[in-house]
Amino acid sequence: MLEVFLFSVIVGLVYMLMAIGFNLVLGVSRIVNLAYGAQIILTSYIASTLLNFMPAVMALPISVLLSLVIGAILWLVLWIFRKDLILSIVVSIAVALLIEGVLLKIYGARLISLVIAPGDIMGISAQWVIAAFSSIASLLAFYVMMSRTMIGKRMAAVAENEDLARYMGINVRVTSMLSFMIASLFASVASIAITPLYAIYPHVGWYYLTIVLAVVIVGGLGSAMGALASSMILSFTQSLAAYYIGSPAKDLIPLTILISVLLLRPEGIFGRGVRWA
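The shown structure was predicted, so the numbers you read here are calculated from the model rather than taken from an experiment.

Analysis parameters
Residues numbered from 1 in each chain as written. Predicted model: local features only at pLDDT ≥ 70, side-chain atom pairs only at ≥ 80, totals over all residues. Heavy atoms only, no water. Helix = DSSP H or I, 4+ residues; strand = E, 2+ residues; numbered from the N terminus. Rg over C-alpha atoms; globule rule 2.2 N^0.38 Å. Buried < 20%, exposed > 50% of the residue type's maximum accessible area, 1.4 Å probe, protein only. Contact = heavy atoms within 4.5 Å. Lys, Arg positive; Asp, Glu negative; His and termini not counted. Charge placed at Lys NZ, Arg CZ, Asp CG, Glu CD. Patch = residues over 30% accessible without salt bridge, like charges linked within 9 Å, V, L, I, M, F, W, Y side chains within 5 Å. Areas by Shrake-Rupley, 256 points an atom, 1.4 Å probe, with all protein chains shown as cover. Salt bridge = Lys/Arg side-chain N within 4 Å of Asp/Glu carboxyl O. 1 Å grid on protein atoms, 1.4 Å probe; cavity = no way out; pocket = protein on both sides within 12 Å on 5 of 7 lines; lining within 4 Å. Points joined across faces, edges and corners; volume = space filled by probe spheres on them. Nonpolar A, V, L, I, M, F, W, Y, C, P; charged D, E, K, R; others polar. Arc of directions from axis to C-beta. pLDDT = per-residue confidence, 0-100.

**Q** Quick rundown of the overall build of the chain? Include the residues and the values.
**A** The helix and strand inventory of the chain stands at 12 helices and 2 strands. Going residue by residue from the N terminus, the α and β elements of the chain occur as α-α-α-α-β-β-α-α-α-α-α-α-α-α. Computed over C-alpha atoms, the radius of gyration of the chain comes to 18 Å, within 12% of the 19 Å expected from 2.2 N^0.38 for 277 residues, which places it in the range of a compact globule. Oriented by its inertia axes, the alpha-carbon framework of the chain measures out at about 55 × 45 × 35 Å. By the burial criterion, 52% of the 277 residues in the chain qualify as buried. Pairs at least 24 residues apart make up 77% of the contacts formed inside the chain by residues separated by at least 6 positions. Side-chain charges in the chain split into 14 positive and 9 negative, and the spacing between the mean points of these groups amounts to 9 Å.

Set out below in structure tokens:
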């Protein structure tokens, strides 16, 4: 059971990292990016190819950089349509399907997993340690950025009132792009952290998108504590379901929790009472 506990905590941290990226774009840019699940798995597919030609210390940063370039292109496309909510959602779905189709064409439907660091560290899988460290480091860096830097304060201002922020001289377009790039970075880090734990295939992006939506909605939009709580609830529920019932049962958990919260408490566990900064 100790292994189940540690695994659940690590996966919960990765889920929180995924959700913060999605939440940041939604709050700052007012963009519902339903291609976010495809972005999450894209980095791992790029890394799996590069690892055939170079060591991990080179392959992983390059794969993240390429994913950021693709994220910048995606932001530009969604920014054009962001004034029309329905159209921007449709475009993001179309982009997700495009990425999925390209991955299917290149890699097929087979499962892919990353082996970044084989072996153990003090009796704990090295890949678990890397996933935990990368997630915690990213979350701490995000907290410092949002609470201590001008970039974070500008993002908070745009999220609070875009028109007032623009009147105060803040470049809303640049701030939106930065938020999207940070979200893309978090998606890449989460991808590299989660793929050694769970194998991926081209369609699994929709599953991760469901997890992200569950974490964001259950925790409440803009709630840091809510994101942490809902990530851990979701992760532990999945692990216990897989342990006692069977692996297929865990795949139903995110959608079940999402629907239940939408029906019983649409504002989420913590509502909108807690802000990122």
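**Q** Lay out a nonpolar patch on the surface with the relevant residues and their values.
**A** Taken together, the side chains of Leu2, Phe5, Leu6 and Ile124 define a hydrophobic patch exposed on the protein surface, amounting to about 350 Å² of accessible area. If you tally residues by element for the nonpolar patch, the top one is helix H1 (residues 2-29), at 3 residues. Considering the arrangement of structural elements, one finds leucine 2 in helix H1. When its relative accessible area of 61% is taken as the criterion, leucine 2 is described as exposed.

**Q** Describe the layout of surface pockets, naming the residues involved and giving the relevant values.
**A** Considered as a void within the structure, the second largest pocket measures approximately 250 Å³ in volume. Taken together, 14 residues make up the lining of the second largest pocket; nearest its centre are Leu42, Ile70, Leu98, Ile99 and Val102. Counting residues per element, the ones that place at least two in the lining of the second largest pocket are helix H2 (36-50), helix H3 (56-81) and helix H4 (85-107). When residues in the lining of the second largest pocket are grouped by element, the largest group, 7 residues, is from H4. Per-class residue counts for the lining of the second largest pocket are 14 nonpolar, no polar and no charged.

**Q** Talk me through the pattern of salt bridges; I want residue IDs and the actual numbers.
**A** Opposite charge on two side chains permits pairing when their charged atoms draw close. Inspection of the entire model under this criterion finds 3 salt bridges. Of the charged contacts in the structure, one is a salt bridge between arginine 166 and glutamate 162, with a shortest N-O distance of 3.1 Å. On the criterion of helical spacing, the pair formed by arginine 166 and glutamate 162 is a turn pair, its members being 4 residues apart in helix H7 (residues 162-167). Between aspartate 163 and arginine 166 there is a salt bridge, with the nearest N and O atoms lying 3.4 Å from each other.

**Q** Describe unusual backbone geometry, and please don't skip the residues or the numbers.
**A** One non-glycine residue, arginine 30, adopts positive backbone phi at about 60°. Residue position: arginine 30 is located in the loop between H1 and H2.

**Q** Provide a residue-level description of helix H6 (residues 150-160), including the pertinent values.
**A** Of all the residues in H6, the buried ones are Gly152, Met155, Ala156 and Val158. The buried residues of H6 occupy an angular sector of 165° when the element is viewed end-on, so they sit on one face. Looking at H6, the residues exposed on the side facing more than 90 degrees away from the buried face are Met150 and Glu160. Contacts made by the buried residues of H6 are with H1, helix H5 (126-148), H7 and helix H8 (172-194).

**Q** I'd like to hear about the confidence of the model for the chain, residue by residue, with values.
**A** Residues of the chain with pLDDT of at least 70 account for 94%, and the chain-wide mean is 86. Ranking the helices and strands of the chain by mean pLDDT puts H2 first, with 94, and helix H11 (residues 247-250) last, with 71. Every residue in residues 273-277 is under pLDDT 50, and counting partners more than four places away or in other chains gives 16 contacts.

**Q** Please provide a residue-by-residue account of empty space enclosed by the protein, values included.
**A** Per the stated rule, a full pass over the model turns up 3 cavities of 30 Å³ or more. One number sums up the size of the largest cavity: a volume of about 50 Å³. What lines the largest cavity is Leu34, Ala35, Gly37, Ala38, Ile41, Ala96, Ile99, Glu100, Leu103, Pro202, Gly205 and Trp206. Counting residues per element, the ones that place at least two in the lining of the largest cavity are H2, H4 and helix H9 (204-219). The greatest single-element share of the lining of the largest cavity, amounting to 4 residues, is contributed by H4. Its residues assigned to classes, the lining of the largest cavity comprises 9 nonpolar, 2 polar and 1 charged. Approximately 40 Å³ is the volume attributed to the second largest cavity.

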